[in-house]
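Here are the chains, one letter per residue:
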Amino acid sequence: MTSLIAFFEGLGLEGVLALSAAYALCIASLLGFITVYAMFAIWMERKVAAHIQVRYGPMETGAWHGWAQSVADAVKLLFKEDLIPPEGNKFLFWIAPAVVFCGVFAGFIAIPFAEGMQIVDLHLGVFFIMAIASVEVIGVIMAGWASNSKYSLFGAVREAAQVVSYEIPAATALLVPILVVGSFRLGDFNAFQADHGWLVLYNPFLTVAALIYFISSLAGCKRAPFDLPEAESELVSGFHTEYSGMRFSFFFLEEYASMFVAAALTATLFFGGWNLFPWGGGWEPAPLAPVILISKIFFFIFVQMWLRWTLPRLRVDQVMAMGYKYLVPWAFVCLIGAAWFEYMGWGGLFS
Amino acid sequence: MADFMFFTFAGIAVFGGLMVAFHRNVVHSVFGLVAALFGVGGLYWTLGADFLGATQILLYVGGVTVLLLFAVMLTTSDASRVTLLRTLIMVPIVGFLALKVLEAYRGVSSIVNDTGHVVVDAPAGSGTTPEIGNLFVSPEGYLLPFEVAAVLLLVVLVGAVTVARQRDDVAAEEGRGPGGSKPTDDGAREEDAVHA
């Protein structure tokens, strides 16, 4: 970011102008990245689903394995009529997809893809991503309420109950690596794991915490088996039932973007970040770092898809039982156990 | 730049606050409250209190207002209408009274300026988080208030579960499950009660 500002100042722009230009470039490139990534992920999801169900999935559009299917879908969504329910609330209906998307989008600015390759190097990295992602719930409730439809409202209420509940185990599980590393900054996790090996192998509590975080992040992204807010067999399509066209596609973008953020946090906090091998790293050349990290992120996105197409959806009460009876207590056990290991000076399989 | 950020977040906060006070529909007021709290979180951030700002967003924007929204949405819209005139009259009166109470207590400026507690400037380069953490667990800092708050919250949690369970037992005796969920098995009802 600072180097970008310096670059624009070098072009002869004044202080605030250079800053705005740098931010505009960052936001535009990030938007482009998320859009292209989401298109690819949707295509990947359809292919993964198809192969799990022993079919081919999209094969026609764009000749090679239907690679252009998502592009065609995006063009279709762009030209689709944008319907607003006449009985609903126009302003909130209009602004809800933006609120939902902004929450996840803002999380992207703190993700480091390589040393220095991030938009803002926040001291609060992990905490900021968790905090800003919680804004998304407000947008979903807005969408559900403004649609003036029972299905939408049911979906929104389920989403709120589920996401707010699963924030507790997710945040507690994230506290375990934070406790070991002693920092919120995402870059520090990469540096720590270069010396000590992947945190998931650092001590047994971190392994369990990684699992708890991954399960909770599935619920946070509304992915199956926790896709109750969408539950197409009962609620049409949940909180975005009334949406169409471009606004509908924003909810899709948000879902895939939040999968990316969750996978990025899992990869960076537990699975070594841009360190290739479980026993540490630091030798990887800088241009290789984003490749390693993004491969890991896509592996976790693949696992999310894999789970979606192999597990049945949980019932509402099972979702709540899972969160409060199993994940929250185990997350607390992990936190206390990891603190005990740190106090005794144990741990570190490879350090 | 700092001015620009300050006026942006202050504008969001003031706009949200006005919406809370003057909007006729209570659900809109809650969304206004979201904007106001978000603006205040941003103001903390511009003042250099990054941890406080993020906590504000995590707890108030993403947590407390969701519960408020539930409460407001479950009330009927007719009962939730507030007349504009009454708000216009009540806001200055309540504000004036609050100001008088504060002045009588200590004087507003002294409350803002000297809290009588440890105040630490954030060193550049590491944010405020390490200092806040150290103050929370050091006896010279806020260890006792921190512990008391933790115990209080635990008591509140246990109390909430107990109250919800008791109501659930009554509902079960009357032969119907708690509202809004299918009475499938005992575990389901218990978890609904915990969540209610």
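Positions within a chain are numbered from 1, following the residues in the order the chain's sequence is written. Starting at A for chains and at 1 for ligands, labels are handed out in the order in which the entities are written. With the structure being a predicted model, the display of local features is reserved for residues of pLDDT at least 70 and the display and counting of side-chain atom pairs for 80 or more, all residues being used for whole-chain, interface and lining totals.

**Some details on the overall build of chain B**
As a reminder, the rule being used: Counting from the N terminus, the helices are DSSP H or I runs at least four residues long and the strands are E runs at least two residues long. For every residue, the other C-beta atoms within 10 Å of its own C-beta are counted; 20 or more classify it as buried, 12 or fewer as exposed, and values in between as partly exposed. C-beta atoms are placed from the backbone. Two residues form a contact once the distance between their C-beta atoms, set from the backbone, is within 7 Å.
For chain B, the count of helices and strands is 8 helices and 0 strands. In chain B, the succession of helices and strands from N to C terminus is α-α-α-α-α-α-α-α. Sorting the 196 residues of chain B into buried and exposed places 20% on the buried side. A separation of at least 24 residues holds for 43% of the contacts in chain B among residues at least 6 apart in sequence.

**Focus on the environment of Met259 of chain A**
Residues and elements named next belong to chain A. Note that Met259 resides in helix α11 (residues 245–269). Along the chain, Met259 and Gly220 lie 39 residues apart, while their C-alpha atoms are 9.0 Å from each other. Those residues in contact with Met259 that sit more than four places away from it in its chain are Cys221, Arg223, Ile301 and Gln304.

**Details of the interface of chain B and chain A**
Selection rule: Charged means Asp, Glu, Lys or Arg here, nonpolar means Ala, Val, Leu, Ile, Met, Phe, Trp, Tyr, Cys or Pro, and polar covers whatever is left, Gly included.
Counting residues at the interface gives 27 residues for chain B and 27 residues for chain A. For the side of chain B that touches chain A, the secondary structure elements donating two or more residues are α2 (26–46), α3 (50–74) and α8 (186–195) of chain B. Broken down by element, the residue count for the side of chain B that touches chain A peaks at 12 residues, all from α3 of chain B. In terms of residue class, the side of chain B that touches chain A is made up of 14 nonpolar, 10 polar and 3 charged.

**Topic: the environment of Thr241 of chain A**
Residue and element names in this part refer to chain A. With respect to the secondary-structure elements, Thr241 resides in the loop between α10 (232–235) and α11. With 23 C-beta atoms counted inside 10 Å, the residue Thr241 sits in the buried group. Along the chain, Thr241 and Ser152 lie 89 residues apart, while their C-alpha atoms are 5.9 Å from each other. Apart from the residues within four sequence positions on either side, Thr241 is in contact with Ser147, Ser149, Tyr151, Ser152 and Val236.

**Observations regarding the packing of helix α3 (residues 69–79) of chain A against α11 of chain A**
Residues and elements named next belong to chain A. Put simply, the rule is: Here an angle of 0 to 180 degrees is reported between the N-to-C directions of two axes, which are lines fitted to C-alpha atoms, with helices fitted over the stretch in contact. Roughly parallel refers to an angle under 35 degrees, roughly antiparallel to one over 145, roughly perpendicular to one between 65 and 115, and oblique to any angle outside these ranges.
The contact between α3 and α11 brings their axes to 6 Å, and the two run at 135°. When the axes of α3 and α11 are compared, the pair comes out oblique. Packed against α3, whose contacting residues are Ala74, Leu77 and Leu78, the element α11 presents Gly245, Met246, Phe248 and Ser249 at the interface. Across the contact of α3 with α11, the residue classes tally to 5 nonpolar, 2 polar and no charged.

**Quick word on the environment of Val208 of chain A**
Within the element layout of this structure, Val208 of chain A appears in helix α9 (residues 204–220). The sequence separation of Val208 of chain A and Leu235 of chain A amounts to 27 residues, and the corresponding C-alpha distance is 34 Å.

**Topic: α2 of chain B**
All names here are of chain B. Using the following cut-off: Between the first and last residue of a helix there are one fewer steps than residues, each counted as 1.5 Å, and that sum is the expected span.
With 21 residues, α2 ought to run about 30 Å at 1.5 Å a step, and its terminal C-alpha atoms sit 30 Å apart, in line with that. Among the 21 residues in α2, 16 count as buried, and that is most of the element. Taken from the residues just after α2, Gly48 is the one with a positive phi, measuring 95°.

**Quick notes on the packing of helix α6 (residues 135–146) of chain A against helix α7 (residues 150–181) of chain A**
All names here are of chain A. Where we set the bar: The handedness criterion is simple: a crossing whose near helix is rotated anticlockwise from the far helix by less than a right angle is left-handed, and one whose near helix is rotated clockwise is right-handed.
The N-to-C vectors of α6 and α7 enclose an angle of 165°; their axes lie 7 Å apart at closest approach. One finds that α6 runs roughly antiparallel with respect to α7. Between α6 and α7 the crossing geometry is left-handed. Each of Val137, Val140, Ile141, Ala143, Gly144 and Trp145 in α6 lies in contact with α7, whose residues at this interface are Ser152, Leu153, Gly155, Ala156, Glu159, Ala160, Val163 and Val164. Within the contact of α6 with α7, the residues separate by chemical class into 10 nonpolar, 3 polar and 1 charged.

These results come straight from atomic positions and should not be treated as a statement about function.
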